[in-house]
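Letter by letter, the chains look like this.
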Amino acid sequence: MTPHVASLHTEIAALLPRLRRFGRAVTRNHEDADDLVQVAIERALKHSGQWEAGSRLDSWLFRIMKNAWIDEVRVRVRRDRLFTSEEEGQSVGDDASERQVHRLAVQQAISRLNEDQRMVVALVLIDGMPYKEAAQVLDIPVGTLTSRLARAREALQAQLSDTERVK
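Note that the coordinates shown come from a computational prediction; the quantities given were computed from them, not determined experimentally.

What counts and how
Residues numbered from 1 in each chain as written. Predicted model: local features only at pLDDT ≥ 70, side-chain atom pairs only at ≥ 80, totals over all residues. Heavy atoms only, no water. Helix = DSSP H or I, 4+ residues; strand = E, 2+ residues; numbered from the N terminus. Buried < 20%, exposed > 50% of the residue type's maximum accessible area, 1.4 Å probe, protein only. Areas by Shrake-Rupley, 256 points an atom, 1.4 Å probe, with all protein chains shown as cover. Core = buried A, V, L, I, M, F, W, Y, C linked by side-chain atoms within 4.5 Å. Contact = heavy atoms within 4.5 Å. Salt bridge = Lys/Arg side-chain N within 4 Å of Asp/Glu carboxyl O. Polar contact = N/O pair within 3.5 Å; in protein donor to acceptor, adjacent residues only side chain to side chain.

> Tell me about the overall build of the protein, and please be specific about residues and values.
Broken down by element type, the protein carries 8 helices and 0 strands. Each helix and strand of the protein, ordered N terminal to C terminal, gives the series α-α-α-α-α-α-α-α. Residues counted as buried form 36% of the 167 residues belonging to the protein. On the protein, roughly 10200 Å² of surface is accessible, and the fraction owed to carbon and sulfur atoms is 50%.

> Explain the nonpolar core to me, and be specific about the residues and the numbers.
Inside soluble globular proteins, nonpolar side chains tend to come together where they are buried. Formed by 40 residues in total, the largest nonpolar core has its most connected members in L19, L57, L61, L123 and L145. Broken down by secondary-structure element, the contributors of at least two residues to this core are α1 (3-27), α2 (30-46), α3 (57-79), α5 (98-111), α6 (115-126), α7 (131-138) and α8 (142-166). Here this core takes 8 residues from α3, the largest share from any one element. Non-local contacts of L57, meaning those with residues more than four positions away in its chain, are made with L8, E11, I12, L15 and W51.

> Account for the pattern of salt bridges, naming residues and giving values.
Per the stated rule, a full pass over the model turns up 8 salt bridges. Between R18 and D127 there is a salt bridge; the shortest N-O distance is 2.6 Å. With a gap of 109 residues between them, R18 in helix α1 and D127 in the loop between α6 and α7 connect regions that are remote in the sequence. We classify R18 as partly exposed; its relative accessible area is 22%. One salt bridge connects R20 with D34, and the closest N-O pair in it is separated by 2.8 Å.

> Account for the side chain of N29, naming residues and giving values.
The residue N29 is located in the loop between α1 and α2 in this model. Of the residues examined, N29 reaches a relative accessible area of 12% and is grouped as buried. Among the polar contacts made by the side chain of N29, one reaches the main-chain amide nitrogen of E31 at a distance of 2.9 Å.

Here it is, written out as structure tokens:
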């Protein structure tokens, strides 16, 4: 294994937690997220010659994940096999702390956002990626990213305030 390839493997391994977090936000399902990360890493390794040393590996991998998810959604629509979200199968125990309940409410609110808004929230709010880089990953103008993020924040606030009123 060449030093360049070994370095790439090490850098990809270091990014795994961020890739999994992004995958979970995009797919809304732990198993699908793990599959998406695996597909993205496989594609990255297969096409490692396309990555330019010195450029942001995380942005390149996030873009691969985004494209892989778009491919997966297209296949599912074609097969008419959309999976039920994991949240529908989960139940919160009686002994759950308020923090866990709030975390679940936030996760469910994010899962109700449309796909474009979920991706923006995952990259900017969850992963902390700068707007410009997130826009490059999603292949959209920065202005589009900021408006999607603003709409996503409004939707999340509305959903979470509705949840608090129900309590």
